[in-house]
Amino acid sequence: MYQILSSGSSGNAVIYHNSILLDCGIPFSLLKPHVKDLQLVLLTHQHEDHLNIATIKKLALERPALRFGGGAFLLPFLEGIKNVDVYETGKIYDYGSFKVSPVKLYHDVPNFGSRIFKGNHKIIHCTDTF
C-alpha cells in the first residue's frame, strides 16, 4: 500500500497506492521508476528536503497531465508548473479512484498533512510538526 523512497533530512518521498506521491524532496533519478504510475503529487511544505524544485519541474515535463496539490503558500515555489490544485483545510478533493483532504500542521513554515481515502483504506500522513 505504500513505499518509502526516502525519509530524512536528505529527502522525503512516499508513494501510496502506487499512484500518489507525497512529498518530492528527492532527485528525479530515484523517482524515475515510478513516474508512469503517478496520478497525483501531494506537497506538504517549502523545505528542500520535501520540495525539490528541479525534480518537480522534470516530473511536470515528463508527465504534463500530472496533478500537483498543496496549500496556496506553495504557489511562489511552483511558478511555471501546470495542473496545481490549491487545497484548503477541511475540504475533501475527489480524484475519482481516491480522495484527499489536507490537514493543517504546525511547523516553522506553513505545512499540510494529508488524509488519503481509497476504497476501504484511510491513511493520514503528517510530517515535520512541532
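As the structure is a prediction and not an experimental result, all values here were calculated from the model.

Trainee: Help me understand the sheet that holds strand 2 (residues 13-16) in this model?
Mentor: Think of a sheet as strands paired side by side through backbone hydrogen bonds, with each pair either parallel or antiparallel. Pairing is mixed across the open sheet formed by six strands, whose spatial order is 1-2-3-4-5-6. Sheet topology places strand 1 (2-6) and strand 6 (84-87) at the edges, where each strand pairs with a single neighbour. Taken over all neighbouring pairs, the strand axes of this sheet differ in orientation by 20° on average, direction set aside. Relative to strand 6, strand 5 (residues 67-71) runs parallel, the two sharing four bridges. Paired with G71 across the bridge in strand 6 is Y87.

Trainee: What's the story with the pairing of strand 1 in this structure? I'm lost.
Mentor: Strand residues, when the strand is regular, have side chains that alternate between the two faces of the sheet. Bridge count for strand 1 against strand 2 is four bridges, and the pairing is antiparallel. By the bridge assignment for strand 2, Q3 is matched with I15. Hairpin geometry of strand 1 and strand 2 is characterised by an intervening segment of six residues between the two adjacent antiparallel strands and by a positive phi of about 135° at G8.

What counts and what doesn't
- Residues numbered from 1 in each chain as written.
- Predicted model: local features only at pLDDT ≥ 70, side-chain atom pairs only at ≥ 80, totals over all residues.
- Heavy atoms only, no water.
- Pairing = 2+ DSSP bridges.
- Helix = DSSP H or I, 4+ residues; strand = E, 2+ residues; numbered from the N terminus.
- Axes fitted to C-alpha atoms, helices over the stretch in contact; angles between N-to-C directions.

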